[in-house]
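Observations on the three-dimensional arrangement
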Amino acid sequence: MYAYKLAARREGSPDTIIDINCKSGTLKIGAGYCTIIAGPCSVESREKYLEIATLIKDSGVHILRGGAYKPRTSPYSFAGLGLEGLKILAEARELTGLPVITELLDVRDMEKVCYYSDIIQIGSRNMHNFALLKELGKTDKPVVLKRGFAATVEEWLLAGEYILNAGNEKVILCERGIRTFEQMTRNTVDIGAVALIKELSHLPVIVDPSHATGKSSLVAPVAKASVAAGADGLMIEVHQRPEEALSDGAQSLQPQVFSILVEDIKKLAVLNGRVFR
Ligand code: PEP
Ligand code: MN
């Protein structure tokens with residue numbers, strides 16, 4: 001018996017598919033589907049966010065991302081627009097018909113973030129915040145649980161177990177790179193962990209090649225490798241003017257470059273037996 005008893009693959013049972021309700025119907029994340037989440041690192045302003053959301057929708061992606069509460073290494077960096085950012089995300093959802101995901105940093109913001117966002121992101125830095133995970137476990141919101149940058153695969157699965165054990169079955173794991181001795185990339189992407197999670201667990205697993213590499217030129221190759229390794233989807237940062245981004249510009253793709261990548265991912269997903277609607 002594994003320690004992560006609820007997250008563990010169940011003999012004879014199918015993989016978990018998570019339904020996300022949106023304007024155009026129900027979006028499915030998990031076994032057999034390839035789902036793309038995209039958007040800027042942070043919601044920077046209403047005008048910029050609605051513009052990028054429309055461009056991204058035109059590329060054919062499934063879910064919009066954007067941080068309203070940002071975990072920054074320095075307390076002096078832009079930390080997001082907070083509630084105003086959440087309202088902009090909700091407006092973008094109305095405009096595009098696409099569901100939205102944003103990060104929840106603090107249990108005190110849970111009610112508002114759950115109110116405005118369709119999916120809740122738990123970032124790498126909060127993967128070990130068990131109090132927050134337990135609270136989310138009491139909701140019925142789908143949760144994207146990013147791997148802690150120093151977490152083993154077992155610790156990551158056990159973090160997911162906290163949410164499952166509290167009653168919420170809608171957990172999506174996200175590999176976003178781990179910290180190693182390598183300095184030339186922001187993190188080291190653990191592609192092997194993606195294939196391993198597919199063996200060990202029934203939960204969907206996606207990859208974030210943006211934070212995993214920290215470098216826009218590496219996003220496309222790592223995105224493709226992730227789908228080939230069995231990932232159920234991708235989370236990619238896109239900005240209309242990456243050089244002006246208030247966070248993570250160096251790893252953000254321009255919309256035209258992103259749109260070409262989505263076309264390539266579609267072909268690769270089909271080649272790997274996935275459905276890309
Ligand atoms: C993010 O998605 O913008 C983010 C902060 O990611 P991570 O938690 O993986 O660093
Ligand atoms: Mn970011």
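Cut-off values and rules
All residue numbers here refer to positions counted from 1 along the written sequence of the relevant chain. Going through the entries in the order they are written, you letter the chains from A and number the ligands from 1. Only residues with pLDDT of at least 70 are given local features in this predicted model, and only at 80 or more are side-chain atom pairs given and counted; all residues enter the totals for whole chains, interfaces and linings. Heavy atoms from the whole structure form the basis of all side-chain values; hydrogens and water molecules are not counted. Aromatic contacts are taken between Phe, Tyr and Trp rings whose centres are within 6.5 Å, Trp giving its six-membered ring; a plane angle under 30 degrees counts as stacked, one over 60 as edge-to-face, and the others as tilted. Summary of the burial criterion: residues with accessible area below 20% of their type's maximum are buried, those above 50% are exposed, and those between are partly exposed, where the area comes from a 1.4 Å probe applied to protein chains only. Every helix listed is a DSSP run of H or I at least four residues long, and every strand listed is a run of E at least two residues long, numbered separately from the N terminus. We call a charge positioned above a ring when the Lys NZ or Arg CZ atom is no farther than 6 Å from the ring centre and deviates by at most 35 degrees from the ring normal. Contact between two residues is taken to exist if any of their heavy atoms lie within 4.5 Å; hydrogens are not considered. With water omitted from the atoms examined, metal sites may look incomplete; donors here are N, O and S atoms no farther than 2.8 Å from the metal, or 3.2 Å in the case of Na, K and Ca. The near set for a molecule or strand comprises every residue that places at least one heavy atom within 4 Å of it. Under the rule applied, a polar contact is a pair of N or O atoms within 3.5 Å (in protein, one hydrogen donor and one hydrogen acceptor; residues adjacent in sequence only if both atoms are side-chain atoms). Exposure was quantified through the Shrake-Rupley algorithm and a 1.4 Å probe, taking into account, for residues, occlusion by the shown protein chains and nothing else. Every helix has an expected span of 1.5 Å times one less than the residues it contains. Note on definitions: salt bridges are taken to be side-chain nitrogens of Lys or Arg within 4 Å of carboxyl oxygens of Asp or Glu. Buried Ala, Val, Leu, Ile, Met, Phe, Trp, Tyr and Cys residues that are joined via side-chain atoms within 4.5 Å together make up what is termed a nonpolar core. Strand pairing is assigned whenever DSSP detects at least two bridges linking the two strands. With the strands aimed away from the viewer, a crossover counts as right-handed if its path from the first strand over the helix to the second runs clockwise. Axis definition: a line fitted to C-alpha atoms, limited for helices to the stretch in contact. Angles are taken between N-to-C directions and run from 0 to 180 degrees.

1. Considerations on the packing of aromatic side chains
For any pair of aromatic rings, the description rests on two quantities: the centre-to-centre distance and the angle between the ring planes. Across all of its chains, the model carries three aromatic pairs by this definition. Relative to Tyr4, the ring of Tyr2 has its centre 5.0 Å away and its plane inclined at 10°; by these criteria the two rings are stacked. Under the relative-accessibility criterion, Tyr4 is labelled buried at 5%. Pairing Phe130 with Tyr162 gives two aromatic rings, centres 4.4 Å apart and planes at 15°, and the pair type is stacked. A residue pair is termed long-range when its members are at least 10 positions apart, and Phe130 in helix 4 (residues 130–137) and Tyr162 in helix 5 (residues 153–165) qualify at 32 residues. For Phe130, a relative accessible area of 32% gives the class partly exposed. Just above the ring of Phe149 sits the side chain of Arg179; from NZ or CZ to the centre is 4.8 Å.

2. Things to note about the side chain of Gln121
On the secondary structure map, Gln121 appears in strand 6 (residues 119–122). Ignoring sequence-local partners within four residues, the contact set of Gln121 consists of Arg65, Ile101, Thr102, Glu103, Leu104, Val144, Lys146 and Met235.

3. Quick look at the coordination of the manganese ion (ligand 2)
Of the protein atoms, only Cys41 (SG), His211 (NE2), Glu237 (OE) and Asp248 (OD) coordinate the manganese ion (ligand 2), at distances of 2.0 to 2.3 Å. Within one chain, the residues donating to the manganese ion (ligand 2) are spaced in sequence as C-x169-H-x25-E-x10-D. One end of the pair, Cys41, is in the loop between strand 3 (35–39) and helix 1 (46–58); the other, His211, is in helix 7 (residues 209–213), and 170 residues separate them in sequence. Each member of the pair, Cys41 as well as His211, carries the same accessibility label: buried.

4. Focus on the site of ligand 1
In the vicinity of ligand 1 there are 13 residues, among which Arg65, Lys70, Ser124, Lys146 and Arg176 approach most closely. Here an oxygen atom of ligand 1 sits 2.8 Å away from a polar atom, N or O, in the side chain of Arg65. At 2.7 Å, a side-chain N or O of Arg176 approaches an oxygen atom of ligand 1. Considering ligand 1 on its own, with 300 Å² of exposed area, one finds that the protein chains cover 98% of that surface.

5. Regarding helix 2 (residues 83–96)
Every α-helix carries 3.6 residues per turn, so stepping three or four residues along brings you back to the same face. With 14 residues, helix 2 should reach 20 Å at 1.5 Å per residue; the first-to-last C-alpha distance of 20 Å fits that figure. Buried within helix 2 are the following residues: Gly85, Leu86, Ile88, Leu89, Ala90, Ala92 and Thr96. Turning to helix 2, the residues buried within the fold contact helix 1, strand 4 (63–65), strand 5 (100–103) and helix 3 (110–116). Phi turns positive one or two residues past the end of helix 2, at Gly97, with a value near 80°.

6. Considerations on the pattern of salt bridges
Pairs may arise between side chains of opposite charge once their charged atoms sit close together. A complete count under the given rule lists 19 salt bridges for this structure. Note that Glu237 is salt-bridged to Arg65, the shortest N-O span being 3.3 Å. Here Glu237 is found in strand 10 (residues 233–237), whereas its partner Arg65 is found in strand 4, with 172 residues between them in sequence. Take Glu237 and Arg65: they sit in the same class, and that class is buried. Note that Asp248 is salt-bridged to Arg186, the shortest N-O span being 3.1 Å. Note that Asp248 is positioned in the loop between strand 10 and helix 9 (255–271) and Arg186 in the loop between strand 8 (171–175) and helix 6 (191–200), a separation of 62 residues in sequence. Each of the salt bridges in this network shares a partner with another, and the network as a whole consists of Arg147, Glu175 and Asp190.

7. Observations concerning the nonpolar core
Judged by nonpolar contacts, the single largest core of 67 residues is most densely connected at Tyr49, Leu145, Leu173, Phe258 and Ile265. For Leu145, the residues in contact, after removing those within four places along its chain, are Ile122, Met127, Leu133, Trp156, Ala159, Gly160, Ile163, Ile172, Leu173 and Cys174.

8. Side note on the pairing of strand 6
Regular strands show a simple pattern: their side chains alternate between the two faces of the sheet. Burial of the side chains of strand 6 extends over both faces: Ile119 and Gln121 are buried on one face and Ile120 and Ile122 on the other. One ladder, built from three bridges, connects strand 5 with strand 6; its direction is parallel. The residue bridging Thr102 from the neighbouring strand is Ile120, located in strand 6. Between the parallel elements strand 5 and strand 6, the chain passes through helix 3 in a crossover that is right-handed. Inspection of the sheet shows strand 6 paired to strand 7 (residues 143–146) by three bridges, in the parallel sense. By the bridge assignment for strand 7, Ile122 is matched with Leu145.

9. Thoughts on the sheet that holds strand 8
Spatial strand order, 3-4-5-6-7-8-9-10: eight strands in a closed barrel with parallel pairing. Neighbour-to-neighbour, the strand axes of this sheet turn through a mean angle of 25°, independent of strand direction. Sheet analysis places strand 9 (residues 205–207) next to strand 10, joined by two bridges and oriented parallel. By the bridge assignment for strand 10, Val207 is matched with Leu234.

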